[in-house]
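# A look at the structure
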Amino acid sequence: YAYRQKTDHAEFSFKFYQPADLPPQAILQITPDPGWHIYWRNPGDSGLPPNFTLQDKASTVELTLAWPTPKLITKDDIITYGYEVKTAFIAAWPELMPQANQQLEAEWLICQDICLSENVTFTLSQALIADALISPAEFSAYQAKITPKTELEALYYQIGEDLIWRFEKPSFELKNPYLFPSDDG
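Here is a short report on the structure shown in this document. Remember, predicted model here, so these are calculated numbers, not experimental data.

## Examining the overall build of the protein chain
Secondary structure summary: the protein chain contains 2 helices and 14 strands in total. A buried classification covers 36% of the 185 residues belonging to the protein chain. Sequence separation of 24 or more characterises 62% of the internal contacts of the protein chain that already satisfy a separation of 6 or more. Of the roughly 11,500 Å² of accessible surface on the protein chain, a fraction of 51% belongs to carbon and sulfur atoms.

And the structure:
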């Protein structure tokens with residue numbers, strides 16, 4: 001595959017989906033090597049989230065991502081949120097269709113006992129774009145792994161060291177919820 005590249009500790013790949021009535025969608029996938037991990041949009045106590053940019057001669061655009069649910073990763077007293085397995089991010093492409101001679105750059109921090117910065121850059125071509133197109137069914141499978149947005153109302157209060165949550169009539173069953181802070185702070 002021309003749209004797949006191996007780095008020292010991960011593999012990056014991308015695919016495109018072109019819905020009939022929406023902008024193209026890019027599936028940007030990072031697969032860490034066993035024992036390594038990458039980070040979520042709020043990495044927690046340490047780390048940096050992946051960053052994906054699209055460049056042409058005139059501008060650079062940071063792609064806005066839909067994020068899958070992270071995993072809680074702990075080491076000693078450090079709590080982080082991230083991914084230890086193949087992870088696909090979805091981004092709305094900022095143009096009607098990916099164009100030849102645009103550059104797609106991906107960079108991420110990958111950690112095991114040490115953390116390293118890795119990146120890849122692809123120069124897009126019409127052949128590469130055509131080869132990377134996927135079907136609606138394939139795109140739906142990627143979409144199913146993205147964290148759903150819910151309209152869930154909650155109240156919380158603190159008693160001593162305990163934080164108590166009360167959810168107002170959820171329309172779904174909550175099993176062992178873990179709340180990931182979407183922002184640092």
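## Re the pairing of strand 8 (residues 71-75)
Relative to strand 9 (residues 78-83), strand 8 is paired through 5 bridges, and the arrangement is antiparallel. For Lys-71, the partnering residue across the bridge sits in strand 9 and is Gly-82. Count of turn residues in the strand 8/strand 9 antiparallel hairpin: 2 residues, of which Asp-76 carries a positive phi of about 55°.

## A few points about the environment of Pro-34
Topologically, Pro-34 is positioned in the loop between strand 3 (25-32) and strand 4 (38-44). The exposure class of Pro-34 is exposed, given its relative accessible area of 75%. A sequence separation of 24 residues divides Pro-34 from Ala-10, and the C-alpha atoms of the two residues are 9.0 Å apart.

## Comments concerning the sheet that holds strand 4
Pairing is antiparallel in the open sheet, where 3 strands are placed in the order 4-9-8. Either end of the sheet is taken by a strand with one partner, and the two such strands are strand 4 and strand 8. Along the sheet, successive strands turn relative to each other by an average axial angle of 45°, direction set aside.

## Considering the packing of aromatic side chains
Tallied over the full model, the rule gives 13 aromatic pairs. Each ring, one from Tyr-17 and one from Phe-139, has its centre 4.5 Å from the other, and the planes form 15°; the classification is stacked. Of this pair, Tyr-17 sits in strand 2 (residues 10-17) while Phe-139 sits in helix 2 (residues 136-143), and the two are 122 residues apart along the sequence. Accessibility assignment for this pair places Tyr-17 and Phe-139 in one class, buried.

## Some remarks on the state of the cysteines
Tallying each qualifying case throughout the model produces 1 disulfide. Disulfide pairing is shown between Cys-111 and Cys-115; the S-S distance is 2.0 Å. Taking the sign of the S-S torsion, 115° for the link of Cys-111 and Cys-115, the bridge is right-handed. A residue is classified by how much of its surface remains accessible, and Cys-115, at 44% relative accessible area, is partly exposed.

## Things to note about the environment of Leu-28
Inspection of the secondary structure puts Leu-28 in strand 3. For Leu-28, a relative accessible area of 0% corresponds to the buried category. When the C-alpha atoms of Leu-28 and Phe-52 are compared, they prove to be 8.4 Å apart, with 24 residues separating the residues in sequence.

## Regarding the layout of surface pockets
In this approach the atoms are scanned with a rolling probe the size of a water molecule, which exposes any empty space left behind. Its boundaries defined by the atoms lining it, the second largest pocket holds a volume of some 270 Å³. As for the second largest pocket, its lining consists of 19 residues, and the residues nearest its centre are Val-85, Lys-86, Thr-87, Ala-88 and Lys-145. Secondary-structure elements contributing two or more residues to the lining of the second largest pocket are strand 2, strand 3, strand 9 and strand 10 (87-92). Here the lining of the second largest pocket is built from residues that sort into 6 nonpolar, 6 polar and 7 charged.

## A closer look at the sheet that holds strand 11 (residues 103-111)
The 4 strands are arranged 6-5-11-12 in an open sheet whose pairing can be described as antiparallel. Each end of this open sheet is capped by a strand with a single partner; those strands are strand 6 (60-62) and strand 12 (115-123). Direction aside, neighbouring strands of the sheet carry axes that sit 20° apart on average. Note that strand 11 and strand 12 share 9 bridges and pair antiparallel. Directly across from Ile-110, in strand 12, lies its bridge partner Leu-116.

The rules behind each value
- Residues numbered from 1 in each chain as written.
- Predicted model: local features only at pLDDT ≥ 70, side-chain atom pairs only at ≥ 80, totals over all residues.
- Heavy atoms only, no water.
- Helix = DSSP H or I, 4+ residues; strand = E, 2+ residues; numbered from the N terminus.
- Buried < 20%, exposed > 50% of the residue type's maximum accessible area, 1.4 Å probe, protein only.
- Contact = heavy atoms within 4.5 Å.
- Areas by Shrake-Rupley, 256 points an atom, 1.4 Å probe, with all protein chains shown as cover.
- Pairing = 2+ DSSP bridges.
- Axes fitted to C-alpha atoms, helices over the stretch in contact; angles between N-to-C directions.
- Phe/Tyr/Trp six-rings, centres within 6.5 Å; stacked < 30°, edge-to-face > 60°.
- Disulfide = S-S within 2.5 Å.
- 1 Å grid on protein atoms, 1.4 Å probe; cavity = no way out; pocket = protein on both sides within 12 Å on 5 of 7 lines; lining within 4 Å.
- Points joined across faces, edges and corners; volume = space filled by probe spheres on them.
- Nonpolar A, V, L, I, M, F, W, Y, C, P; charged D, E, K, R; others polar.

Interpretation note: all reported values are geometric properties and have no functional meaning in isolation.
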